[in-house]
Every structure is written in C-alpha cells, then in structure tokens.
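Structural overview
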Amino acid sequence: MLNRRTLLGAAPALAASAAAAQAQARWQMATPYPDGNFHTRNVRQWLTELQAATGERVQVQLHSNGALLPMPQIKAGAQRGQVQLGEILLSAYGNEDPFFEVDGIPQLVTSFADARRLMEAARPFIEARFQRQGLSLLYMVPWPPSGFYTNTPVETLETLRGTRMRTFNVMTNRFATLVGATPTLVQAAEIPQAFATGVVNAMVTSAVTGVDTSAWDYARFYTHVGFTFTRNAVFVNRRALEGLSAADQAAMRATAAAAETRGWQMAEAAHEQALATLRQRGVTVAQANPAVMEAMGRVSEEMVREWLGRAGEDGQRVIAAYRAARG
C-alpha cells in the first residue's frame, strides 16, 4: 500500500527518470532538399548548434531530399507529430492558403534587400497562421532569384509559348498559363527525370536548383530575370516545443535566429557560385533583355492584382507594409 513517505521517496526517482527521458528523446526533421543544397547545409549547422546549446537534450535526426516525407506532406507531418521539425517552400502551400503565395509573385521583389522587406512585412501573418495550426515558425530564408531554363534563347516571352513548363507552386502555374505554356507540377528531386522523359522542356527556378539537378544535362540556356525570391520556412510542432524546458525553448529560438541570418548570407553566396557552376558546365548564362523584362513587369502587375483578390485584407496589409518599407 502506498503511503505519503513512499510517494515522497519516489518523487526524486520519477523526476530523474523524466529528465533522462527528455535527454534521450530524439526528434525527427524532414526537408525536401539534397544534402549539398545551401538550405540543407544551413539546417545541419543549426541542428548542431541547437544540440550544443541545449547540452544535447535536444537531438534531431535530419531526413533530407524528401527521403522521409515529400514536400507536399511535410507540413501536415509536423502538425500530426510524425516529425517535430520541418522545412518547406512556403509558396508551395498556396493551395492551402493564398497568403503563402506572396513571395511567388514574379518581379514583386527584385533584390535581396526587397526580399527581406517583404519577409518582415509578411512574418506576423505567417506566424499567426502557423500558431492556429499547431506549429511555431522558427526562421525563414530565401532562395536566390530565378531564371528560365530552356534549349533555345529567350529573346521574348513568346519563346515560352507552347513549352511544357515545370512548375512548383500556384504562382509558377499561373505564370506558365499567362505566357501560353503548359504548366506541369514537378518536385525538385524529380526534375532531371521529367526533362529526360519529355514531361517538361522548360522551367523557371533558381540557379541553385539548376546546379542541384545538373541542369547542363537537360538545358542549354539560363536566362536570368530575377523572377522571385521565394522563401523556405522552418517550423516546429508547437506541442513538442512547449514540452521543452524554458531554457531549451529559448536556445531553439536563439539558434534559429542565427540560422536565419546565416541563411540569407548563404543565399547570396550560393547564387553567385551557382551561376559560375552553370557557366563552367557549358550552360549559356545571360541576363534577360529589356523586352523580356518589360513583358515580365506587365505579367507581374496582373498577378499582383489577382493575388490581392484571393488574399483579402491580410494581403492588402502586407503589400501596403512592403511598399511603405520600400519607400
């Protein structure tokens, strides 16, 4: 029969057992990008710093390149607790919430400085959405600006008419339709096969993704237009986060903030390195001519109007805040 003395005597042992369980708990994290990608390298460094900052109480096994969950399943996997941490291309979830598409509007952002302004304007709205879904946003890092991968030079946007264009979110889908291409959703890991089998024969994406997927095997030209600085979001299951001690939660936030700062620096460096690699591998790299850029601006204006119609008041607020920050 349990008495008060027995219970009091057991308390330290139970506390020690709970502490040991916390120390031995292992989290899982899913990312859709390969190990060599700068986003994945940044995540690995962050997890190493997180483990050190928590005295190894938080240990995370990273599953890269969509090995555990493909991109479309990562967010739901974190919400269910299948993984505790996840990384996604935020704009790939535009079908879930149009607000997530904002950084996928072509030519809305044309520099890393503007990309940061848009991120800060959008952050409170994204955090609120994640909180409602049982997630906590940890940090966001942009992809470098994008260009067209083709096998003929892109002298005008008419060049893209009739192509089978690889797309990866609602906005690239809409862009393809507006320029007369046939949009085909293809995840990053599947790009080489899609080109090899003729499923697609053109795409718009970053120079970094071109290097990740050995674009020189399937495309002869990369025409830089800026296009977008889409962002990856890294997040945590909120219940898992709240299960940590206050000190470990603070350590996670602090190391995540450092990862965001580092990630932006890595994005800029990765862009220049990727352009150099494309050139070295025989891809013709060129800046889009004024006619292409003027046509891109007209498409952008139409897509901003369309997005504002879908995104409602929050969309109006974030565009107003972004434009005010730009001055």
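Refer to the structure above for everything that follows.
One structure accompanies this document, and this report is about it. Predicted, not measured: the structure shown is a model, and the values here were computed from it.

Observations regarding the sheet that holds strand 6 (residues 164-167)
Sheet architecture is open: six strands sit in the order 7-6-8-5-9-11, paired in mixed fashion. A strand with exactly one partner marks an edge of an open sheet, and here the two such strands are strand 7 (182-185) and strand 11 (284-287). When the angles between neighbouring strand axes are averaged without regard to direction, this sheet yields 30 degrees. Relative to strand 11, strand 9 (residues 221-226) runs parallel, the two being bridged by four bridges. The partner of T223 across the bridge, within strand 11, is A286.

What to know about the pattern of salt bridges
When their charged atoms lie close together, side chains carrying opposite charge are able to pair. In total, this model carries 19 salt bridges according to the counting rule given. R129 is paired through a salt bridge with D97; the nearest N and O atoms lie 2.6 Å apart. Taken as a pair, R129 in helix 4 (residues 112-132) and D97 in the loop between strand 3 (85-89) and helix 4 lie far apart in primary sequence, 32 residues in all. With relative accessibility at 17%, the residue D97 sits in the buried group. With a closest N to O distance of 2.9 Å, R317 and D314 form a salt bridge. Of this pair, R317 and D314 are both found in helix 10 (residues 290-326), three residues apart, which corresponds to roughly one turn of the helix.

With respect to the nonpolar core
Counting residues in each nonpolar core, the largest one holds 104 residues, and the members touching the most others are W46, F175, M252 and W307. Per element, the largest residue contribution to this core is 12 residues, and it comes from helix 10. Setting aside residues no more than four positions away along its own chain, W46 makes contact with M29, L85, L138, Y139, V234, M252, T255, A256, A259 and R262.

Points about the packing of aromatic side chains
For any two aromatic rings, the description comes down to two numbers: the centre-to-centre distance and the angle of the planes. Evaluation of the coordinates by the stated rule reveals 13 aromatic pairs. Taken together, a centroid distance of 6.1 Å and an interplanar angle of 50 degrees make the contact between F99 and W307 tilted. One end of the pair, F99, is in the loop between strand 3 and helix 4; the other, W307, is in helix 10, with 208 residues separating them in the sequence. Under the relative-accessibility criterion, F99 is labelled buried at 1%. An angle of 80 degrees between the planes, with centres 5.0 Å apart, marks the rings of F112 and F229 as edge-to-face. Here F112, found in helix 4, pairs with F229, found in the loop between strand 9 and strand 10 (231-237); they are 117 residues apart in sequence, far enough to count as distant. Assigned by exposure class, F112 and F229 land together as buried. By the ring-pair criterion, three or more aromatic residues cluster together here, those being Y33, F38 and W143. It is R116 that lies over the ring of W264; its NZ or CZ is 4.1 Å from the centre. Its guanidinium or amino end placed over the ring of F99, R129 lies 4.4 Å from that ring's centre, counting from NZ or CZ.

Reading the values: the criteria
The residue count restarts for each chain, going from 1 along the sequence in the order it is written. Confidence filtering applies because this is a predicted model: local features only for residues at pLDDT of at least 70, side-chain atom pairs given and counted only at 80 or more, and all residues used for totals across whole chains, interfaces and linings. Hydrogen atoms and water are omitted, and side-chain values are computed over all heavy atoms in the structure. Only strands joined by at least two bridges in the DSSP assignment are considered to pair. A helix here means a DSSP run of H or I that spans at least four residues, while a strand means a run of E at least two residues long, and both kinds are numbered starting from the N terminus. Every angle, taken between N-to-C directions, lies between 0 and 180 degrees, and every axis is a line fitted to C-alpha atoms, over only the stretch in contact when it is a helix. Any Lys or Arg side-chain nitrogen found within 4 Å of a carboxyl oxygen on Asp or Glu counts as a salt bridge. Each residue is placed in one exposure class: buried if its accessible area under a 1.4 Å probe, protein chains only, is under 20% of its type's maximum, exposed if it is over 50%, and partly exposed if it falls in between. Note on terminology: a nonpolar core comprises buried Ala, Val, Leu, Ile, Met, Phe, Trp, Tyr and Cys residues joined through side-chain atoms within 4.5 Å. Residues are treated as being in contact if the distance between any of their heavy atoms lies within 4.5 Å. Ring pairs are drawn from Phe, Tyr and Trp, using the six-membered ring of Trp, whenever the two centres fall within 6.5 Å, and their geometry is named by plane angle: stacked under 30 degrees, edge-to-face over 60, tilted for the rest. We call a charge positioned over a ring when the NZ of a Lys or the CZ of an Arg lies within 6 Å of the ring centre and within 35 degrees of the ring normal.

So far we have only geometry, and geometry alone does not tell us how the molecule works.
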